[in-house]
Amino acid sequence: QVQLVESGGGLVQAGGSLRLSCTASGSIFRINGMGWYRQPLGKERELVASTPTRYADSVQGRFTIFRDIAKNTVYLQMNSLKPEDTAVYYCNAYIIDGRHFNGYDYWGQGTQVTVSS
């Protein structure tokens, strides 16, 4: 069974930094792509960043996504955080499992990021 486990959320002041991490575990044949989405309270989930590298306009130049392929891990380095970055952040990955070789979209459980002004 494939799982995505996130860590690194928390409370930070505006202008501060946080790093999120997400590790995929289980029977994995291949990971085709990993990324981060976020969902502010009362709003729809939106793409933040993904690999191959793509960023939402609102985070371009402040956030960096990078992967450690050997560890099946994706990171989101968030700098110059703003109150409007406050949201639950979700890890996403398209993974081909190693048992049946089927591809699925997997999601993490979400981690809260709160930026105070």
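Rules behind the numbers
- Residues numbered from 1 in each chain as written.
- Predicted model: local features only at pLDDT ≥ 70, side-chain atom pairs only at ≥ 80, totals over all residues.
- Heavy atoms only, no water.
- Helix = DSSP H or I, 4+ residues; strand = E, 2+ residues; numbered from the N terminus.
- Buried < 20%, exposed > 50% of the residue type's maximum accessible area, 1.4 Å probe, protein only.
- Contact = heavy atoms within 4.5 Å.
- Areas by Shrake-Rupley, 256 points an atom, 1.4 Å probe, with all protein chains shown as cover.
- Lys, Arg positive; Asp, Glu negative; His and termini not counted.
- Charge placed at Lys NZ, Arg CZ, Asp CG, Glu CD.
- Phe/Tyr/Trp six-rings, centres within 6.5 Å; stacked < 30°, edge-to-face > 60°.
- Lys NZ or Arg CZ within 6 Å of the ring centre and 35° of its normal.
- Disulfide = S-S within 2.5 Å.
- Pairing = 2+ DSSP bridges.
- Polar contact = N/O pair within 3.5 Å; in protein donor to acceptor, adjacent residues only side chain to side chain.

J.: Explain the overall build of the protein to me, and be specific about the residues and the numbers.
T.: A count of helices and strands for the protein gives zero helices and eleven strands. Reading the protein from its N end, one meets helices and strands in the order β-β-β-β-β-β-β-β-β-β-β. Its C-alpha atoms give the protein principal-axis dimensions of about 50 × 25 × 20 Å. The proportion of buried residues among the 117 residues of the protein is 43%. Within the protein, contacts between residues at least 6 apart in sequence are counted, and of these 59% link residues at least 24 apart. Summed over all atoms, the accessible surface of the protein reaches about 6,400 Å², with 48% contributed by carbon and sulfur. Within the protein, one finds 11 positive and 9 negative side-chain charges whose respective centroids are separated by 4 Å.

J.: Outline the packing of aromatic side chains, listing residues and values.
T.: By the definition in use, this model includes four aromatic pairs. Between the aromatic rings of F29 and F101, the centroid separation amounts to 5.1 Å while the plane-to-plane angle is 80°, which identifies the pairing as edge-to-face. Residue F29 is found in strand β4 (residues 28-39), and its partner F101 is found in the loop between β9 (87-97) and β10 (103-107); the two are separated by 72 residues along the sequence. On the basis of relative accessible area, F101 is assigned to the partly exposed category, the value being 49%. Judged by centre distance (6.3 Å) and plane angle (80°), the rings of Y104 and Y106 are edge-to-face. When the ring centre of Y90 is taken as origin, the NZ or CZ atom of R45, which lies over that ring, is 3.7 Å away. In this arrangement the basic side chain of R45 is found over the ring face of W107, its NZ or CZ atom lying 4.7 Å from the centre.

J.: Before we move on, can you summarise the state of the cysteines with the specific residues and values?
T.: Note on terminology: a disulfide is the covalent bond linking the sulfur atoms of two cysteines. Per the stated rule, a full pass over the model turns up one disulfide. Disulfide partner of C22: C91, at an S-S distance of 2.1 Å. Since a negative S-S torsion denotes a left-handed disulfide, the C22-C91 link at about -80° is left-handed. Residue C22 is found in strand β3 (residues 18-25), and its partner C91 is found in strand β9; the two are separated by 69 residues along the sequence.

J.: Talk me through the pairing of strand β1 (residues 3-7); I want residue IDs and the actual numbers.
T.: The two faces of β1 differ: L4 and E6 on one face are buried, but Q3, V5 and S7 on the other face are not. Relative to β3, β1 is paired through five bridges, and the arrangement is antiparallel. When the bridges of β3 are listed, L4 appears paired with A24.

J.: Could you give an account of the side chain of R38, with specific residues and numbers?
T.: One can find R38 in strand β4. Owing to a relative accessible area of 4%, R38 belongs among the buried residues under this scheme. Side chain to side chain, R38 and D85 meet in a polar contact 3.0 Å long. Not counting residues up to four positions away in its chain, the partners in contact with R38 are E44, R45, E46, V48, S58, V59, F63, E84, D85, A87, V88 and Y89.

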